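Descriptive analysis of the structure
Read off the chains here:
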Amino acid sequence: MWRSWLADEKRASAHTCAAYDVDLLDFLSFLTDHLGQRPSLDDLRGLRQADFRAWLARRTLRGLARSSTARALSALRSFYRWGSRTGRLDNSAIANLRGPKLPQAVPKALTASEALESVATVGDLYDDDWQGLRDTAILLLLYGAGLRIGEALGLTAGDAPEPGQDRLRVLGKGRKERIVPLLAAIPEAVSAYRAACPHALPADGPLFRSQRGKPLSARRVQLSLQRLRGLLDLPETATPHALRHSFATHLLAAGGDLRAIQELLGHASLSTTQRYTAVDGARLLEIYDSTHPRARG
């Protein structure tokens, strides 16, 4: 029932639901050892902050990443919120529990030339033209429209933009829809891929297909970027998501409005988008250190 609540009411993705399931089972396994018995509902209601802290400490001793523990705590809070709303499980101790402090991650963007060269070269990785056209279209969606890899691979053939189309409706995280503008090159690249693709592309089926006609996996695109890193001498941070970061960073560097970029990326919070100001600031410091006479002094 909690899983249904997550998926239907909270609109969590299948990936998030599966991850939360694992986190909850891991917590219940800890409690079995911690309490010396399988926890009952009364046990779950009676847990104190000290019990939750013991769980957090155990995860630290296991060497689990702070980001993993932060997600597990989020899963647990979600479980208890569901329990409270349904009248099954009240426990106020978890509400004020402090989770691990996460470092502020700064997105790793490619330079404009690296991003453009990646898009221009990815087609050369394949002997058959249609797969090269496919990956070119995908990378254009990531760098040219700022899509997440999951959003690009989630497009159906019916969603595919036609030449001349200047915007695209995207279903993002939490099943939230947004409209993104399209460069003319994007629908043209998608159209070229569709014309060359040897597999049937029904309107309600996935747009992007593997060599065998199955839905294309994110791992396949990641492998293409991995090969490009060696071919173009790109940094290790050159990933599909780095192209989305590059889209935002380059818009910001060109004077783009932060609020507008937030809408384009589909960020729920402006604070998430503000991380790109740190990227731009880091690049400015880099330029300063290498060019200013006093810095070189």
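Residues numbered from 1 in each chain as written. Predicted model: local features only at pLDDT ≥ 70, side-chain atom pairs only at ≥ 80, totals over all residues. Heavy atoms only, no water.

**Regarding the overall build of the protein**
- Along the protein, the regular secondary structure elements total 15 helices and two strands.
- Out of the 297 residues belonging to the protein, those deemed buried represent 40%.
- Relative to all contacts within the protein whose residues are 6 or more apart in sequence, the contacts with residues 24 or more apart total 59%.
- Surface accessibility of the protein: about 16300 Å² in total, with carbon and sulfur atoms responsible for 51%. (Helix = DSSP H or I, 4+ residues; strand = E, 2+ residues; numbered from the N terminus. Buried < 20%, exposed > 50% of the residue type's maximum accessible area, 1.4 Å probe, protein only. Contact = heavy atoms within 4.5 Å. Areas by Shrake-Rupley, 256 points an atom, 1.4 Å probe, with all protein chains shown as cover.)

**Topic: the side chain of D51**
- Take D51: it is sitting in helix α4 (residues 49-61).
- Assessed through its relative accessible area of 10%, D51 is described here as buried.
- Among the polar contacts listed, one links the side chain of D51 to the backbone nitrogen of R48, at a separation of 2.8 Å.
- With residues near it in sequence (within four places) discarded, D51 still touches F30 and H34. (Polar contact = N/O pair within 3.5 Å; in protein donor to acceptor, adjacent residues only side chain to side chain.)

**Section: helix α11 (residues 240-253)**
- Given a rise of 1.5 Å per residue, 14 residues ought to cover 20 Å, and the 20 Å separating the end C-alpha atoms of α11 matches this to within 8%.
- Counting buried positions along α11 gives ten out of 14 residues, so the element sits mostly inside the fold.
- Those residues of α11 not exposed but buried are P240, A242, L243, R244, H245, S246, F247, A248, T249 and L252.
- Once α11 finishes, G255 follows within two positions and takes phi at roughly 100°, a positive value. (Expected span 1.5 Å × (residues − 1).)

**Observations concerning the packing of aromatic side chains**
- Scanning all chains against the criterion turns up seven aromatic pairs.
- Each member of the aromatic cluster is reached from another via a ring pair, and the members are F27, F52, W55, F79, Y80 and W82.
- Taking the ring centre of W130 as reference, the NZ or CZ of R134 above it sits at 5.6 Å. (Phe/Tyr/Trp six-rings, centres within 6.5 Å; stacked < 30°, edge-to-face > 60°. Lys NZ or Arg CZ within 6 Å of the ring centre and 35° of its normal.)

**Quick look at the pattern of salt bridges**
- Within the structure shown, the criterion is met by 13 salt bridges.
- Where D166 meets R167, a salt bridge forms, and the shortest distance between an N and an O atom there is 3.3 Å.
- The class of D166 is partly exposed, set by a relative accessible area of 44%.
- One salt bridge connects E236 with R229, and the closest N-O pair in it is separated by 3.9 Å.
- Residue classification places R229 among the buried positions, given a relative accessible area of 15%.
- Three or more residues are tied together by salt bridges with common partners; here these are D26, R59 and R62. (Salt bridge = Lys/Arg side-chain N within 4 Å of Asp/Glu carboxyl O.)

**As for helix α10 (residues 218-232)**
- The terminal C-alpha atoms of α10, which comprises 15 residues, lie 21 Å apart, in line with the 21 Å expected from a rise of 1.5 Å per residue.
- Those residues of α10 that sit buried are V221, S224, L225, L228, R229 and L232. Relative to the axis of α10, the buried residues are bounded by an arc of 150° and lie together on one face.
- The positive-phi residue at the C-terminal boundary of α10 is D233, with phi of around 55°. (Arc of directions from axis to C-beta.)

**Section: unusual backbone geometry**
- Its identity is not glycine, yet D233 carries a phi of approximately 55°, on the positive side.
- With respect to the helices, strands and loops of the structure, D233 is situated in the loop between α10 and α11.
- On the accessibility criterion, D233 (68% relative accessible area) is exposed.

**Considering the nonpolar core**
- Counting 49 residues, the largest nonpolar core has I138, L139, L147 and F208 as the members making the most contacts within it.
- When residues of this core are traced back to their parent elements, those giving at least two are α6 (112-121), α7 (129-145), α8 (149-153), β1 (167-171), α9 (185-196), α10, α11 and α12 (258-265).
- In terms of residue count, α7 provides more of this core than any other element does, nine residues in total.
- L147 has contacts with L141, L142, A152, L155, L168, V170, R178, V180 and R244, leaving out every residue within four places of it along the chain.
- Of all hydrophobic cores here, the second largest spans 27 residues; its members include W5, F30, A93 and L97. (Core = buried A, V, L, I, M, F, W, Y, C linked by side-chain atoms within 4.5 Å.)

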